Amino acid sequence: MSEENRGLLETFENQHPNRDYEIEISVPEFTSVCPKTGQPDFGTIHITYIPEALCVELKSLKLYMQAYRNQGIFYENVTNVILNDLVESLQPRWMQVRAEFTPRGGISSTITVEHYSDTPPEELHVI
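Everything numeric in this text was worked out from a predicted model, so none of it was measured. (Residues numbered from 1 in each chain as written. Predicted model: local features only at pLDDT ≥ 70, side-chain atom pairs only at ≥ 80, totals over all residues. Heavy atoms only, no water.)

**What to know about the packing of aromatic side chains**
Part 1 of the reasoning: Overall, the coordinates contain 4 aromatic pairs when judged by the stated rule.
Part 2 of the reasoning: With centroids separated by 5.4 Å and ring planes inclined at 80 degrees, the aromatic side chains of Y64 and Y68 adopt a geometry described as edge-to-face. Each member of the pair, Y64 together with Y68, is buried.
Part 3 of the reasoning: Grouped by ring-pair contacts, the aromatic residues F30, Y64, Y68, Y75 and F101 constitute a single cluster. (Phe/Tyr/Trp six-rings, centres within 6.5 Å; stacked < 30°, edge-to-face > 60°. Buried < 20%, exposed > 50% of the residue type's maximum accessible area, 1.4 Å probe, protein only.)

Now the structure itself:
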């Protein structure tokens, strides 16, 4: 399903490619389905990145996120798949996806994954 979802993502040209700047996007109404119980999962997805040549178009990102609404997928997997799809589409200098899922049964989970381009992390000017 990842390739199908990834096809929903659109990009536009970064108009300041010579500058490191950070883009922060929050998706507070993310939903998917637990593959074990079939129960809905709710969370907030935080995407932070330093663009290279491309930026993500927000309406397409909204449609991409909504595509997970009825998909059975574990928290850890969906967080990594979102990062993989965005990296494949944007090729950013740096990107982090943090998924904060609401508590279920008294337990909450936060999953954080990162991507670095060929630039070593210590040389990036992450804000």
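Having seen it, we continue.
**Focus: the pairing of strand β6 (residues 107–116)**
Part 1 of the reasoning: Sheet topology places strand β5 (residues 94–104) next to β6; 9 bridges connect them, and they run antiparallel. Its bridge partner being in β6, W94 is matched across the sheet by Y116.
Part 2 of the reasoning: In this antiparallel pair of consecutive strands, β5 and β6, the connection spans 2 residues, and G105 shows a positive phi of 65 degrees. (Pairing = 2+ DSSP bridges. Helix = DSSP H or I, 4+ residues; strand = E, 2+ residues; numbered from the N terminus.)

**Section: the environment of T102**
Part 1 of the reasoning: Mapped onto the elements, T102 comes out in strand β5.
Part 2 of the reasoning: Given the relative accessible area of 38%, T102 is considered partly exposed.
Part 3 of the reasoning: T102 sits 87 residues away from Q15 along the chain, and the two C-alpha atoms are 36 Å apart.
Part 4 of the reasoning: With sequence-adjacent residues up to four places away left out, T102 is seen in contact with F42, G43, Y75 and I107. (Contact = heavy atoms within 4.5 Å.)

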